[in-house]
Amino acid sequence: MRFIPLLIILTISIISGLIINYNIKEFEKRHFYLISLVYLTFLGMILFTPISFDGTSVYAMSAGTGRVNLHQLDIIDIGFAENIILTVPLGFLIKKLFPHVSILSMAFTGFMIGGGIETAQYYLSHIFLINRTSDINDVLANALGIVVGAIMMVIYEYIINKKTVVATK
């Protein structure tokens, strides 16, 4: 029962991969979507299953309902930095798909996604005993990672557009 979320994530990922591979003929676009799907699958597995990664090894956590931390801020922690790094590609991806969204809107989106992830972890921990902790620090780190990813996308687009302008002169 604890691995039902993993089964759902992998099933959706496999079906999505087949749809992408079958329907998108342009190599670069298909490549981008498949890499994005691999990232999102990995992200879903890390966030919503009892599979955990502690920096040196991957393991299955014991059954449990996890904890909730809504008041103890601890932003000078390796876990905080890991959560930022984990969501930077998500910010990059969102900004790539929605280029007209402002950085301020991306910050709001980051908080909403971070809150949604932590809420889902809370409920999944109680339904499937995946033993995930819902933490305010994770919400902040996820939001910050998404904003950093969006800023990186803006810088990337600026550099690419600048190279294109120089090449056409």
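Everything below is about the structure shown above.
J.: How would you sum up the environment of isoleucine 75? Please name residues and give values.
T.: Along the chain, isoleucine 75 turns up in the loop between β3 (68-69) and α3 (78-97). For the pair isoleucine 75 and leucine 37, spaced 38 residues apart in the sequence, the C-alpha separation amounts to 29 Å. Residues within four places of isoleucine 75 in sequence aside, it is in contact with Phe80 and Asn137.

J.: Run through the packing of aromatic side chains, naming residues and quoting values.
T.: Inspection of every chain in the model, using the stated rule, returns 3 aromatic pairs. Plain terms: the ring middles of phenylalanine 32 and tyrosine 33 are 5.7 Å apart, the flat faces sit at 55° to each other, and that makes the pair tilted. Classification of phenylalanine 32 by relative accessible area gives partly exposed; the value is 25%. Plain terms: the ring middles of tyrosine 122 and tyrosine 123 are 5.3 Å apart, the flat faces sit at 80° to each other, and that makes the pair edge-to-face. Looking at lysine 96, its charged tip hangs above the ring of phenylalanine 32, at a distance of 5.8 Å from the centre.

J.: Lay out a nonpolar patch on the surface with the relevant residues and their values.
T.: There is a patch of nonpolar side chains on the surface, built from Met1, Ile4, Ile8, Ile12, Val68, Leu70, Tyr122, Tyr123 and Ile127 and spanning about 930 Å² of accessible area. For the nonpolar patch, the elements supplying multiple residues, two or more each, are α1 (4-23) and α4 (103-128). When you line up the elements, tyrosine 122 lands in helix α4.

About the criteria used
Residues numbered from 1 in each chain as written. Predicted model: local features only at pLDDT ≥ 70, side-chain atom pairs only at ≥ 80, totals over all residues. Heavy atoms only, no water. Helix = DSSP H or I, 4+ residues; strand = E, 2+ residues; numbered from the N terminus. Contact = heavy atoms within 4.5 Å. Phe/Tyr/Trp six-rings, centres within 6.5 Å; stacked < 30°, edge-to-face > 60°. Buried < 20%, exposed > 50% of the residue type's maximum accessible area, 1.4 Å probe, protein only. Lys NZ or Arg CZ within 6 Å of the ring centre and 35° of its normal. Patch = residues over 30% accessible without salt bridge, like charges linked within 9 Å, V, L, I, M, F, W, Y side chains within 5 Å. Areas by Shrake-Rupley, 256 points an atom, 1.4 Å probe, with all protein chains shown as cover. Salt bridge = Lys/Arg side-chain N within 4 Å of Asp/Glu carboxyl O.

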